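Working through the structure, step by step
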Amino acid sequence: MSEKQMSREQRRKAMEQQKKKGKKKKTSGGGWFKRIILAILIVGVIGLVFGIGLFTYYASSAPELDEELLRDPISPTFLAADGETEIPYMTGEDREYVNYEDIPKLMEDAILATEDNRFYEHPGIDIIRLGGAVIANVTDGFGSEGASTITQQVIKNSFLKNEKTIKRKAQEAYLAYQLEQEYTKEEIFEMYFNKILMSGNTYGFGTASENFFGKHVSELELHEAAMLAGMPQSPNGYNPFNNPERAEERRNVVLRLMEQHGKITTEEKEAAQAIPVTETLLPEEQRPAPPSGEYTAFMEMVENEIEALDEDISLDEGLTIYTTLEPNVQKAVNETMASNIFFNDEVESALTVVDTETGAIRAVGAAREYSGDVRRNYATARDRQIGSTIKPLIDYGPAIEYLNWSTGKTLVDEPYSYEDGDQEVRNFDNDYLGEMTMREALYRSRNVPAVKTLNEVGPENAKEFTQKLGLNFGNIFESAAIGSPDENINTVEMAGAFAAFGNDGIFTKPHTVTKIVFRDGTTEQVVAPESVPAMKDSTAYMVTDMLRDVVDPNIAGASGKAAAISGLDIAGKTGTTNFTPEEFDKYGHDSSSAPDIWFAGYSPEYSISVWSGYPSREGAMDTASNERLLSQQIFKDVMSKISSSEAGRFQQPESVVEATIEVGTEPLQLASDFTPSDQKSTELFVRGTVPEKVSEEFVQEDLDAPGGLNASVDGSNVDLTWTYGDVEDVQFEVAVEADGNRSVLTTTDDKSYTYEALEEGRAYTFSVTAVKGDQRSDPASVIVEVTPPEEPEEPEETPPADEEEPPEDEAPPEDEAPPEDDAPPEGEGNGEGEGNGGNEGNGEGEGNGGNEGNGEGEGEGDGETPPADGGDGEGDGETPPEDGSGDGENSNGEANGASVPPADGNGNNGNGNNGNGNNGNGNGNGNNEDEDSEE
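Just so you know, these numbers come straight off a predicted model, no measurement behind them.

Looking only at helices and strands, the protein has 21 helices and 37 strands in total. Considering only contacts in the protein between residues 6 or more positions apart, those separated by 24 or more positions represent 67%. As displayed, the protein has an accessible area near 47,100 Å², and 44% of this comes from carbon and sulfur atoms.

Right, dumping it as structure tokens:
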């Protein structure tokens, strides 16, 4: 079936309907766009109305214009750290007022090109400049860039509080417009020209021209006018007397701006830039004396710090500045710098005193004499290397922080060369001490261990660690480990960095200003820097504990003993720099001389950094004399004066533990019970890193006793031989004991020994003990007894059977005599020994007690056969006689015998029982007038 075709009328109507639909779609889209534009316009109008209303509200509260305030600067007030004591500085103004008609066109062009090139075109507010500032503030944050015209600067410095708020900006714009309505452009420029702070207490360009060039402003040359025009941005920083290089750089910027704005030609710019800024400055002897006094150096640092804080803050705004100065501390510093502690008039010194906890600079010693026009602040100068004072900062501090080293870490002081070349690292004494702890390496200030440590730490870690302490050493090379960094630091920065070690690792940038109160007396701006963690508290304390040893007078080799203060807990580090070989040749210095002597030390209260040396390297400090101690002596003198009795001590944190290690172990091991005391050291560890292994270096192993000990007797000689296993470093102690007395004969590496003093009748006990160091084996022993030849025995004789023995306690009749045949020769015989008998013989003897003790006794009696043994006690002899007994030494006993035949003057052996020693044996010889008897 075919489709039904549309008529012409139907097609026309359909096309009209499609057109209407398209128009509706277009109308709908256009409606939304119009609505958005309308909404934006409405919001803009509302915002504009609101802004105008807010501006009007703020403007209504703006102060009235005051011509006196517009034309005259307002000097600041400085207060000491107590917030009450006023510091007498910059109390008067130095100003040469110049009327507008006397201001040369050259000077005006230089100022306008630098500060406000459209000054004569805007109504007080530069819309074009403001637009650029708005964009910068949107992208970088409110207050990031100012748009102040010269008119606005006059207003701000005369009336308004210094704060970056919409209210102040609104009031500033309103008053600037008002000022433009009431005063001519020339009058406003004259106000600015004479009011602006140029340096110190010098106000106005006219005064600056006289002070710096000795000429009226109308006589200035192009390069001179450009230099002055650039100074208001940083009056002290661009002072050509103190900072000629910075002043010249700033002058050249002004000259480029003058060329850019068509004030001068390129040729004129280049000609002016070619002139050194110092060429036409007043000679030193003609310069006006700058502000001076006991606080001068400190107050100059205050000025510089304020300038660096914010370019919108100016000291001519009637500010009240709260400083960190402690006048009593500054007085102590000044006294020391003026004392006879110095060994000649040429040597210089400088120091900075910082509060350990807050980083506040309490005093500065800029030089021995810091007054007049010709002066230099050595405390803030960065043209001297710092020597070994760098070691805690760049070597050992990072080693603890990043590598968890213990203070007992084993380091080896040995011949060593830099890894990046063949140059050898040398110690100050050209010697090497071998293995030592990190603690000892630091307090002895050894260079080789320091370089090795930096190589272990790595330059990136070292750089990160020092940057957290506010230090910039530039690129870190190996030579930096011992005090030759790429960039130098000054006493201010060093005192601040060391303070962090004494403050649990918390660092606060050294500063001289805490807050600024503006002209209204209520608005204030806190400017003291915030404290930040620079390292772990474990690192801070462990470094501090090692640096305590540097100043300990009881530690041999400690390098900072001269800085020690009795009763005060201090830590510190010495530093000495070197001349180059070329300088030794050029100046003829002795090999023991040095250009710089440093000491940095701190207590829980104060941190002090001291430099000593000569103004130029032509002078040299003699390190072989007490000259090398000057910085330590200055530190001690100042610290002793300013420290309180409540300074306290550095407290060990929970993150640090102690353990006794065996020196020289690597990795570290705990000391054993056998470790010698001189090899033990109690050291600090980061908690959780104490070693568990105990050293076995000195643990005593059981030594076997010598074996096969044999004694071969030959007359009075005895040859001892023995055997022993294969043990290194073993020796043998040979000893002998006789009659209860022991003596060591020798200690030998051999396994044999000959003794040549044997005596008959004595027993000898020989022992051999193996010895290795402190170890000893059980002894091997052998007994050697030398006996005398045997004598023939005499026949025993008994008394007649019918003869009655007298009672034991009775003596025989005196007139009873033995048979003639058995009678001894006439005479009296004396016998030595116990129990000696003879015809009317007396026996005396001493006996040596075997086992425990000695027994001695004396006996007398009429001899019978056998005679009674002499002993301690008393008794009458029978046959056989009884042993005498008794207690004690030197007891006397008597025994009488009535038996025949009598003894021929021979003393028989006797046993003394129960004497002082069991079984005392005695030998005795008897003799009579006719013959001797032999034993």
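Right, let's get into the sheet that holds strand β14 (residues 524-526). In space, the four strands of this open sheet follow the order β1-β5-β13-β14, with mixed pairing throughout. Where the open sheet ends on each side, the last strands, each with one partner, are β1 (77-79) and β14. Averaged over all pairs of adjacent strands, the angle between their axes in this sheet comes to 20°, without regard to strand direction. Two elements, strand β5 (residues 320-323) and strand β13 (residues 513-517), share four bridges in a ladder whose sense is antiparallel. Paired with Thr-320 across the bridge in β13 is Val-517.

Using the criterion set out here, one finds 19 aromatic pairs in the structure. With a centroid separation of 5.1 Å and 35° between ring planes, the pair formed by Phe-193 and Phe-205 is classed as tilted. With Phe-193 in helix α7 (residues 185-195) and Phe-205 in helix α8 (residues 205-213), the pair connects residues that are twelve residues apart, well separated along the chain. The exposure class of Phe-193 is buried, given its relative accessible area of 0%. On the accessibility criterion, Phe-205 (0% relative accessible area) is buried. Among the aromatic residues, those joined into a cluster by ring pairs are Tyr-100, Phe-119, Tyr-120, Phe-189, Tyr-192, Phe-193 and Phe-205. Over the aromatic face of Phe-119 sits the side chain of Lys-185, whose NZ or CZ is 4.5 Å from the ring centroid.

Along the chain, the position of Glu-357 falls in the loop between β6 (348-355) and β7 (361-365). With a relative accessible area of 56%, Glu-357 lands in the exposed category. As for Glu-357 and Glu-605, which are separated by 248 residues in sequence, their C-alpha atoms are 7.1 Å apart. Setting aside residues up to four positions removed in sequence, Glu-357 forms contacts with Asn-503 and Thr-508.

Right, let's get into the nonpolar core. Counting residues in hydrophobic clusters, the biggest one holds 120 residues, and the most contacted among them are Ile-321, Leu-351, Val-353, Leu-469 and Ile-608. In this view, Ile-608 contacts Leu-351, Thr-352, Val-353, Ala-495, Phe-599, Ala-600, Gly-601, Phe-635, Val-638, Met-639 and Ile-642; residues no more than four positions away in its chain are not counted. Core analysis: the next-biggest nonpolar cluster, separate from the first, contains 44 residues, Ile-103, Leu-112, Ile-150 and Ile-196 among them.

Here we take up a nonpolar patch on the surface. A cluster of nonpolar side chains, Ile-36, Ile-37 and Ile-40, forms an exposed patch at the surface whose accessible area comes to about 280 Å². Among the structural elements, Ile-36 can be located in helix α1 (residues 8-60).

Spatial strand order, β23-β24-β27: three strands in an open sheet with antiparallel pairing. For this open sheet the edge positions go to β23 (707-714) and β27 (752-755), each flanked by a neighbour on one side alone. If you compare each strand with its neighbour and ignore which way they point, the axes differ by 15° on average. In terms of strand pairing, β23 meets strand β24 (residues 717-723) through six bridges, oriented antiparallel. Of the residues in β24, the one forming a bridge with Asn-710 is Thr-721.

Describing two packed helices takes the angle between their axes plus the distance from one axis to the other. Contact geometry of helix α3 (residues 105-115) with α7 gives a least axis separation of 12 Å together with a crossing angle of 90°. One element, α3, and the other, α7, form an angle in the roughly perpendicular class. On α7, the residues touching Met-107, Glu-108, Ile-111, Leu-112 and Glu-115 of α3 are Phe-189, Tyr-192 and Phe-193.

Here we come to the pattern of salt bridges. The tally for this structure, following the rule as stated, stands at 31 salt bridges. Notably, a salt bridge pairs Arg-439 with Asp-545, separated by 2.9 Å at the nearest N-O pair. One end of the pair, Arg-439, is in helix α15 (residues 438-443); the other, Asp-545, is in helix α19 (residues 537-550), and 106 residues separate them in sequence. Assigned by exposure class, Arg-439 and Asp-545 land together as buried. Taking the shortest distance from any N to any O, the salt bridge between Glu-464 and Lys-468 comes out at 3.5 Å. Here the salt bridges share partners, and the residues they tie into one network are Arg-439, Asp-545, Arg-548, Asp-549, Asp-569, Arg-649 and Glu-683.

Where burial is concerned, most of β6 is hidden: eight out of the eight residues are buried. The alternating pattern of β6 places Glu-348, Ala-350, Thr-352 and Val-354 and Ser-349, Leu-351, Val-353 and Asp-355 on opposite faces, both of which are buried. Across eight bridges, β6 lies against strand β19 (residues 606-613) in antiparallel orientation. Counted as the bridge partner of Glu-348 is Gly-613 from β19. Taken together, the four bridges between β6 and β7 define a ladder with antiparallel strand orientation. Within β7, the position partnered with Val-353 by the bridge is Ala-363. The turn linking β6 back onto β7 is made up of five residues, and Gly-359 within it adopts a positive phi angle of 80°.

Should the pLDDT be low somewhere, the predicted coordinates at that spot are not to be read in detail. Residues at a pLDDT of 70 or more form 72% of the protein, whose mean pLDDT is 80. Across residues 131-146 the pLDDT falls below 50, and counting only partners more than four positions away or on other chains, this stretch makes 16 contacts in the model. In the model, residues 801-935 has pLDDT below 50 throughout and makes 252 contacts with residues more than four positions away in sequence or in other chains.

On to helix α18 (residues 491-501), then. Among the eleven residues in α18, eleven count as buried, and that is most of the element. Those residues of α18 not exposed but buried are Thr-491, Val-492, Glu-493, Met-494, Ala-495, Gly-496, Ala-497, Phe-498, Ala-499, Ala-500 and Phe-501. Capping the start of α18, Asn-490 holds a side-chain oxygen 3.1 Å from the backbone nitrogen of Val-492, two or three residues further along.

Moving on: unusual backbone geometry. In this structure, the amide linkage connecting Glu-666 to the following residue, Pro-667, adopts the cis form with an omega of 0°. Mapped onto the elements of the fold, Pro-667 is located in the loop between β21 (656-662) and β22 (680-686). Although it is not a glycine, Ser-445 adopts a positive phi angle of roughly 55°. Relative to the assigned elements, Ser-445 resides in the loop between α15 and α16 (447-457). Not every positive phi belongs to a glycine, and Asp-504 is a case in point at roughly 60°. For Asp-504, the position within the fold is in the loop between α18 and β12 (506-507). Overall, Asp-504 belongs to the partly exposed group, its relative accessible area being 47%.

Time to look at the environment of Ile-87. Within the secondary structure layout, Ile-87 lies in the loop between β1 and β2 (94-95). Ignoring sequence-local partners within four residues, the contact set of Ile-87 consists of Phe-78, Leu-79, Ala-80, Tyr-295, Met-299, Thr-323 and Leu-325.

Together, Glu-696, Glu-701, Asp-702, Asp-704 and Asp-778 line one region of the surface with negative charge. Tracing the backbone through its elements, the reader meets Glu-696 in the loop between β22 and β23. The class of Glu-696 is exposed, set by a relative accessible area of 63%.

With that out of the way, let us pick up the side chain of Thr-508. Among the secondary structure elements, Thr-508 is positioned in the loop between β12 and β13. Since its relative accessible area comes to 5%, Thr-508 is described here as buried. Side-chain polar atoms of Thr-508 contact the side chain of Ser-531, separated by 2.5 Å. Beyond its immediate sequence surroundings of up to four residues, Thr-508 is in contact with Glu-357, Thr-358, Gly-359, Pro-529, Glu-530 and Ser-531.

Only one face of strand β30 (residues 780-785) is covered, namely the one carrying Ala-780, Val-782 and Val-784; the face carrying Ser-781, Ile-783 and Glu-785 has none of its residues buried. Relative to β30, strand β28 (residues 763-772) runs antiparallel, the two being bridged by six bridges. Residue pairing across strands places Thr-765 opposite Ile-783, the latter belonging to β30.

What counts as what
- Residues numbered from 1 in each chain as written.
- Predicted model: local features only at pLDDT ≥ 70, side-chain atom pairs only at ≥ 80, totals over all residues.
- Heavy atoms only, no water.
- Helix = DSSP H or I, 4+ residues; strand = E, 2+ residues; numbered from the N terminus.
- Contact = heavy atoms within 4.5 Å.
- Areas by Shrake-Rupley, 256 points an atom, 1.4 Å probe, with all protein chains shown as cover.
- Pairing = 2+ DSSP bridges.
- Axes fitted to C-alpha atoms, helices over the stretch in contact; angles between N-to-C directions.
- Phe/Tyr/Trp six-rings, centres within 6.5 Å; stacked < 30°, edge-to-face > 60°.
- Buried < 20%, exposed > 50% of the residue type's maximum accessible area, 1.4 Å probe, protein only.
- Lys NZ or Arg CZ within 6 Å of the ring centre and 35° of its normal.
- Core = buried A, V, L, I, M, F, W, Y, C linked by side-chain atoms within 4.5 Å.
- Patch = residues over 30% accessible without salt bridge, like charges linked within 9 Å, V, L, I, M, F, W, Y side chains within 5 Å.
- Salt bridge = Lys/Arg side-chain N within 4 Å of Asp/Glu carboxyl O.
- Parallel < 35°, antiparallel > 145°, perpendicular 65-115°, else oblique.
- pLDDT = per-residue confidence, 0-100.
- Polar contact = N/O pair within 3.5 Å; in protein donor to acceptor, adjacent residues only side chain to side chain.
- Lys, Arg positive; Asp, Glu negative; His and termini not counted.
- Charge placed at Lys NZ, Arg CZ, Asp CG, Glu CD.

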